[in-house]
Amino acid sequence: NGTRITVFLLLGFPSLHHQECLIAITFLSSYVVILAGNLLVISLILSERDLYRPMYFFLCNLSFLEIFITTSIIPKAAGSLLKGNKTISYSACLTQCYFYSLLGYIEFVLLAAMSYDRYVAICYPLHYPMLMNSQLCLQLLLASWTAGFLVTIIPTILIARLPFCNDNRIDHFFCDSVLLMKLSCAETQIVELITFVASSIILFGSLGMTALSYLYIINTILRLPSTSLRQKAFTTCSSHLTIVILGYGSCIFMYVQPSSHHCNKAVALLNTVVTPLLNPFIFSLRNQQMKDALK
């Protein structure tokens, strides 16, 4: 109950105070940019009536998720580095692990919903207003939160019931379920299997929906009569596709490996810092309507 989990926050650097401070400042600077960029996206969408469309509704929720994913990790990591106190209570570690997994799963389902939106917009443009109505958008958003909760809560409860003893060190910059299970002095094969199946269902299920949507999208785009129309259609999807590749690629590399106790910190940085940092720029700089709203 009073377990303290020691989390190494060095990212491969020697244990020197000035280097830890530099990493902490980099973390905090990135966090400020992430907050500012994603809050700007949210405020633009909420304030500009021309952006009251399903695509931007999902983008607004995606920015909301990016903010809270980074908030669950970066402030604690940066604060620990600056204070030199690299411990976290067991309850706080488990809470961080839960919210990181929950928000990540929700984001994957939301990305699949965004791909369906692009599919309808490009393949059935005349029926788009009728098919992608506000009721369906809310249902897809609710489905993403429900799916995220269902696949997160059971593994989290099972991990919370594990006994922890002996070594309590995690060589990472946040509490991750894979590494947290490694600290248990009990057999964790069943918990690992359940966690693996849950993550695989969300990752590959949503990725399959996204891939299927883009197969239809690409097929439709290639049959468009003019080069300008094809280029415009590809531009519409390129921002979403970039986020999909970054998000799915990093998470599949880290988690969809049965009985793996290894987490690559560089890949984790890509998922928790780089993608949320790039998200506002990718969607704003490559989207004419967002640029017009910004002006």
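Since this is a predicted model, take the numbers as computed values, not measurements.

### Overview of the layout of surface pockets
Roughly 710 Å³ of internal volume is contained in the largest pocket. Around the largest pocket sit 19 residues that line it, and Arg53, Arg118, Lys232, Thr236 and Gln289 are the ones nearest its centre. Looking at the lining of the largest pocket, the element that brings in the most residues is helix H9 (residues 227-255), giving 6 residues. Looking at the lining of the largest pocket, its residues break down into 9 nonpolar, 6 polar and 4 charged.

### Description of the nonpolar core
Of all hydrophobic cores here, the largest spans 66 residues; its most connected members are Phe27, Ile45, Leu59, Leu111 and Met290. Among the elements that take part in this core, helix H4 (residues 90-123) stands out by supplying 16 residues, more than any other. Not counting residues within four places of it along the chain, the set of residues in contact with Ile45 comprises Leu51, Tyr52, Tyr56, Leu59, Cys60 and Met290. Counting residues in hydrophobic clusters, the runner-up holds 14 residues, among them Ile88, Cys175, Met181 and Val191.

### Looking at the UniProt feature "transmembrane region" (unreviewed entry) in the chain
In the numbering used here, UniProt assigns the feature "transmembrane region" (unreviewed entry) to residues 22-46, 58-78, 98-116, 136-160, 193-217, 238-256 and 268-285. The straight-line gap between the two end C-alpha atoms of residues 58-78 is 30 Å; of that span, 90% is helix and 0% is strand. Strand forms 0% of residues 193-217 and helix 100%; the C-alpha atoms that close the span are 35 Å apart.

### Quick word on the packing of H4 against helix H8 (residues 189-222)
Close contact between H4 and H8 brings their axes to 9 Å; oriented N to C, the two are set at 15°. Considered as vectors, H4 and H8 are oriented roughly parallel to each other. Crossing handedness for the pair H4 and H8: left-handed. Of the residues in H8, those in contact with Tyr105, Phe108, Val109, Leu111, Ala112, Ser115, Tyr116, Arg118, Tyr119, Ile122 and Cys123 of H4 are Ser199, Ile202, Leu203, Ser206, Met209, Thr210, Ser213, Tyr214, Tyr216, Ile217, Thr220 and Ile221. In the contact of H4 with H8, the residues fall into 16 nonpolar, 6 polar and 1 charged.

### Considerations on helix H2 (residues 54-71)
In this model, H2 (18 residues) spans 26 Å end to end at C-alpha, consistent with the 26 Å of a helix rising 1.5 Å per residue. Judged by how many residues are buried, H2 sits mostly within the fold: 14 of 18 residues are covered.

### Digging into the state of the cysteines
Two cysteines form a disulfide when their sulfur atoms are joined by a covalent bond. One pass over the full model with this rule turns up 1 disulfide. The disulfide that involves Cys93 links it to Cys175, with 2.0 Å between the sulfurs. Classification of the bridge connecting Cys93 and Cys175 rests on its S-S torsion, roughly -120°, and on that basis the disulfide is left-handed. You can see Cys93 sitting in helix H4 and its partner Cys175 sitting in the loop between strand S3 (169-170) and helix H7 (177-182), a full 82 residues away along the chain.

### Focus on the packing of aromatic side chains
For the structure on display, the rule yields 10 aromatic pairs. Where Phe64 meets Phe68, the ring centres are 4.6 Å apart and the plane angle is 50°; that geometry is what we call tilted. Note that Phe64 and Phe68 are positioned in helix H2 at a spacing of 4 residues, about one turn of the helix. A relative accessible area of 41% means that Phe68 is categorised as partly exposed. Here the aromatic rings of Phe173 and Phe174 are separated by 5.1 Å at their centres, their planes lie at 70°, and the arrangement is edge-to-face. For the pair shown, Phe173 and Phe174 are each scored as buried. Put simply, the rings of Phe27, Tyr100, Phe173 and Phe174 pair up and form one aromatic cluster.

### Things to note about the environment of Asn168
By the element assignment, Asn168 lies in the loop between helix H6 (134-160) and S3. You can call Asn168 partly exposed: its relative accessible area is 25%. Along the sequence, Asn168 and Leu180 sit 12 residues apart, while their C-alpha atoms lie 8.9 Å from each other.

Cut-offs used in this document
Residues numbered from 1 in each chain as written. Predicted model: local features only at pLDDT ≥ 70, side-chain atom pairs only at ≥ 80, totals over all residues. Heavy atoms only, no water. 1 Å grid on protein atoms, 1.4 Å probe; cavity = no way out; pocket = protein on both sides within 12 Å on 5 of 7 lines; lining within 4 Å. Points joined across faces, edges and corners; volume = space filled by probe spheres on them. Helix = DSSP H or I, 4+ residues; strand = E, 2+ residues; numbered from the N terminus. Nonpolar A, V, L, I, M, F, W, Y, C, P; charged D, E, K, R; others polar. Core = buried A, V, L, I, M, F, W, Y, C linked by side-chain atoms within 4.5 Å. Buried < 20%, exposed > 50% of the residue type's maximum accessible area, 1.4 Å probe, protein only. Contact = heavy atoms within 4.5 Å. UniProt positions renumbered as here; feature names shortened; annotations may be inferred. Axes fitted to C-alpha atoms, helices over the stretch in contact; angles between N-to-C directions. Parallel < 35°, antiparallel > 145°, perpendicular 65-115°, else oblique. Left-handed = near helix turned anticlockwise from the far one by under 90°. Expected span 1.5 Å × (residues − 1). Disulfide = S-S within 2.5 Å. Phe/Tyr/Trp six-rings, centres within 6.5 Å; stacked < 30°, edge-to-face > 60°.

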